[in-house]
Amino acid sequence: MSAATHTLAGPCQHAEDIKKSRFLAQAAPVDSPEQALAFVRQVSDPAATHNCWAYRIGHDYRFNDDGEPGGTAGRPILQAIEGQGIDRAVVVVTRWFGGVKLGAGGLVRAYGGTAAECLRVAERLPIIAMARLGLHCEFAELALLKARLKELGAQIEQEEFGVDGVALQLRLPESQLGDAQARITDITRGRVEARVLT
């Protein structure tokens, strides 16, 4: 498996006619198995002969042949995802049977090829490793902290106001952790130390 460095920018699709059967690949970015399965349910056509699918989210993956001979549909779709270096994605390939049997090798090529072409032409986004920081600051420092950390791509996940200040939980690119911690130390004159959250 090649290292997955990208995910999809948004949903995409690609259709092919192979020996009178119509194949439609539909793909989308997903963050959880639940999202992947919801997409499968959403785009599957109950009138089609088969709706085969696969997803990969980090080390988590699943595939389904939906009645095609074992290993001829779902696994080739998964291999297409991996072969394109894509993660956090689901692909559904729907087949409308046209009367000509393709054989096991033909099915592998049809499902895997349609999925691969769909992913090949899809717009991609680089996968950026994210980290989380927690900190507690005084009210007077809040606006400046927010502005300076936003410059580093930080997003506020939680903000809790208390009697003695504000507790913040931030999400930001892992590559910006050191800079963010240095800015927090500078702005608060060393009184606040941000901790990395797991």
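**A word on the sheet that holds strand E8 (residues 130-137)**
Pairing within the open sheet is antiparallel, and its 4 strands lie in the order E9-E10-E8-E11. Only two strands of the sheet have a single partner each, and these edge strands are strand E9 (155-162) and strand E11 (195-197). Going across the sheet, the axis of each strand differs from the next one's by a mean of 25°, ignoring polarity. Where helix H4 (residues 139-150) meets the sheet, its contacts fall on E8, E9 and strand E10 (165-173), and the angle it forms with E9 comes to roughly 180°. The strands touched by helix H5 (residues 177-187) within the sheet are E8, E10 and E11, with E8 carrying the most contacts at an inclination of about 10°.

**Details of the sheet that holds strand E4 (residues 50-57)**
Strand order in this open sheet of 5 strands is E2-E3-E6-E4-E5, and the pairing throughout is antiparallel. Each edge of the sheet is formed by a strand with only one pairing partner; in this case those strands are strand E2 (12-18) and strand E5 (60-64). Direction aside, neighbouring strands of the sheet carry axes that sit 15° apart on average. Running at roughly 20° to strand E6 (residues 89-96), helix H1 (residues 33-43) makes contact with strand E3 (21-29), E4, E5 and E6 of the sheet. Strand contacts of helix H3 (residues 103-120): E2, E3, E4 and E6, with the helix running at about 145° to E2, the strand carrying the most contacts.

**So, the environment of Arg95**
Locating Arg95 in the fold gives a position in strand E6. Of the residues examined, Arg95 reaches a relative accessible area of 4% and is grouped as buried. Note: C-alpha distance between Arg95 and Asp66 (29 residues apart in sequence) is 10 Å. Excluding anything up to four places from it in sequence, Arg95 contacts Ser21, Arg22, Phe23, Ala48, Thr49, His50, Glu68, Val100, Leu102, Leu107 and Tyr111. Among the polar contacts made by the side chain of Arg95, one reaches the side chain of Glu68 at a distance of 2.9 Å.

**Topic: the pairing of E4**
Taking burial as the measure, the 8 residues of E4 include 8 buried ones, the bulk of the element. Here E4 shows no split at all, with His50, Cys52, Ala54 and Arg56 on one side and Asn51, Trp53, Tyr55 and Ile57 on the other all buried. One ladder, built from 5 bridges, connects E4 with E5; its direction is antiparallel. Looking at E5, one finds that Ala54 is bridged to Phe63. Here E4 hands over to E5 after 2 residues, with Gly58 in that stretch at a positive phi of 65°.

**With respect to H3**
Its 18 residues give H3 an end-to-end C-alpha distance of 25 Å, which sits within 8% of 26 Å, the value for a rise of 1.5 Å per residue. Among all positions of H3, only Gly106, Leu107, Ala110, Tyr111, Gly112, Thr114, Ala115, Cys118 and Leu119 are buried.

Conventions we followed
- Residue positions are counted from 1 within each chain, in the order its sequence is given.
- Reporting of local features is limited, given that this is a predicted model, to residues whose pLDDT is at least 70; pairs of side-chain atoms are given and counted only at 80 or more, and all residues count toward the totals for whole chains, interfaces and linings.
- By convention in this description, side-chain values take in all heavy atoms of the structure and omit both hydrogens and water.
- Strands were regarded as paired on the criterion that DSSP finds at least two bridges between them.
- Only DSSP runs of H or I covering at least 4 residues are called helices, and only runs of E covering at least 2 are called strands; the numbering of each starts at the N terminus.
- Fitted lines through C-alpha atoms give the axes, limited to the stretch in contact for helices. The angle between two N-to-C directions lies from 0 to 180 degrees.
- Two residues qualify as a contact provided that any one of their heavy atoms is within 4.5 Å of a heavy atom in the partner residue.
- Summary of the burial criterion: residues with accessible area below 20% of their type's maximum are buried, those above 50% are exposed, and those between are partly exposed, where the area comes from a 1.4 Å probe applied to protein chains only.
- Within 3.5 Å is the distance limit for a polar contact, defined as a pair of N or O atoms, with the added protein rule that one can donate a hydrogen and the other accept it, and that residues adjacent in sequence qualify only through two side-chain atoms.
- Take the number of residues in a helix, subtract one, and multiply by 1.5 Å to get its expected span.

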